[in-house]
Amino acid sequence: LECIEIINSFLKSLTISYLKPTISTHGEIEEQLKINNPVKVYEYILESLRNKRDIDSKSKRCGIGSHKSDLLVMDGEKNRVANLCSTGEQKSMIISMILGQSYAIYNKSKIAPILLLDEIFAHLDNKRKENLIFELEKTPSQIWISSTNTDLDKIIKTSCTKFVLT
């Protein structure tokens, strides 16, 4: 939950509105946190683990924990869940989450992660490609982008100074 809170704070700081989804998690643990303090939730988890030990050992799975929670991503502009958005909108949300995570890593560790972005511009219109290039230029990360997009070199040459085409 703390990680998601950090990533959300960085997503809010992005300058491009379509790159501002909201991320949350939903599951049994989160429901318990809504009605109990963390100590009681911890006790609840321990009790659940004890009660489900036989079932869990037979199924070779753990029936309770944060790994059972669902990640919910909402479009910041239209306030819709990601699975109801277009492919381009979903792609924008994934890109945002990658950028948000890289900013969070840099903020916590002062080490800029290297980003390898394969076909990041697929499903984006030219305006969104330009806006994304603008946002990528601001990151402290070294970024490697692969693309089969033939008009990308024109967009990069007119939109940015940081990228080198090879």
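Let me sum up the structure you'll find in this document.

Definitions and cut-offs
Residues numbered from 1 in each chain as written. Predicted model: local features only at pLDDT ≥ 70, side-chain atom pairs only at ≥ 80, totals over all residues. Heavy atoms only, no water. Helix = DSSP H or I, 4+ residues; strand = E, 2+ residues; numbered from the N terminus. Contact = heavy atoms within 4.5 Å. Areas by Shrake-Rupley, 256 points an atom, 1.4 Å probe, with all protein chains shown as cover. Lys, Arg positive; Asp, Glu negative; His and termini not counted. Charge placed at Lys NZ, Arg CZ, Asp CG, Glu CD. Salt bridge = Lys/Arg side-chain N within 4 Å of Asp/Glu carboxyl O. Phe/Tyr/Trp six-rings, centres within 6.5 Å; stacked < 30°, edge-to-face > 60°. Lys NZ or Arg CZ within 6 Å of the ring centre and 35° of its normal. Core = buried A, V, L, I, M, F, W, Y, C linked by side-chain atoms within 4.5 Å. Buried < 20%, exposed > 50% of the residue type's maximum accessible area, 1.4 Å probe, protein only. Axes fitted to C-alpha atoms, helices over the stretch in contact; angles between N-to-C directions. Parallel < 35°, antiparallel > 145°, perpendicular 65-115°, else oblique. Left-handed = near helix turned anticlockwise from the far one by under 90°. Nonpolar A, V, L, I, M, F, W, Y, C, P; charged D, E, K, R; others polar. Pairing = 2+ DSSP bridges. Right-handed = clockwise from strand over helix to strand, strands pointing away.

1. Digging into the overall build of the protein chain
When you go through the protein chain residue by residue, the secondary structure sums to seven helices and four strands. Traced from its N-terminal end to its C-terminal end, the protein chain shows the element sequence α-β-α-α-α-β-α-β-α-β-α. The dimensions of the protein chain, computed from C-alpha atoms along their principal axes, are 60 × 35 × 30 Å. Pairs at least 24 apart in sequence give 63% of the contacts found in the protein chain among residues at least 6 apart. Just so you have it, the protein chain exposes about 10,700 Å², and 56% of that area is on carbon and sulfur atoms. Positive and negative charge centroids in the protein chain, built from 23 and 21 side chains respectively, lie 2 Å apart.

2. Quick look at the pattern of salt bridges
As enumerated under the stated definition, the model contains five salt bridges in all. Of the charged contacts in the structure, one is a salt bridge between R50 and E47, with a shortest N-O distance of 3.1 Å. Of the two residues, R50 and E47 both sit in helix α3 (residues 38–51), three residues apart, roughly one turn of that helix. What you see here is one network of salt bridges that share partners, running through K78, R80 and E89.

3. Some words on the packing of aromatic side chains
Using the criterion set out here, one finds one aromatic pair in the structure. Positioned above the aromatic ring of Y106 is the side chain of K110, whose terminal nitrogen or guanidinium carbon lies 5.9 Å from the ring centre.

4. Notes on the nonpolar core
In terms of nonpolar packing, the biggest core is built from 22 residues, with I95, L99, L117, I120, F121, L132 and L136 touching the most fellow members. Counting only elements with at least two residues in this core, the list comes to α1 (2–13), α5 (87–109), β3 (115–118), α6 (126–138) and α7 (152–159). It is α1 that contributes the most residues to this core, five residues altogether.

5. Quick look at unusual backbone geometry
Located in the positive-phi region is K60, a residue other than glycine, with phi close to 60°. As for its placement among the helices and strands, K60 is situated in the loop between α4 (53–59) and β2 (70–74). The phi angle at E119 is positive, at roughly 55°, despite the residue not being glycine. Secondary-structure assignment places E119 in the loop between β3 and α6.

6. Re the packing of helix α2 (residues 28–35) against α3
The contact between α2 and α3 brings their axes to 8 Å, and the two run at 140°. As summarised for this structure, α2 and α3 are arranged oblique, according to the angle between their axes. Where α2 crosses over α3, the handedness of that crossing is right-handed. Facing E28, I29, Q32 and L33 of α2, the residues of α3 in contact are P38, V41, Y44 and I45. Considering only residue class, the contact of α2 with α3 consists of six nonpolar, one polar and one charged.

7. Notes on the pairing of strand β4 (residues 143–146)
Where β3 meets β4, four bridges bridge the pair, whose relative direction is parallel. For L116, the partnering residue across the bridge sits in β4 and is W144. Between the parallel elements β3 and β4, the chain passes through α6 in a crossover that is right-handed.

In short, the description is geometric, and any link to function would need to be established separately.
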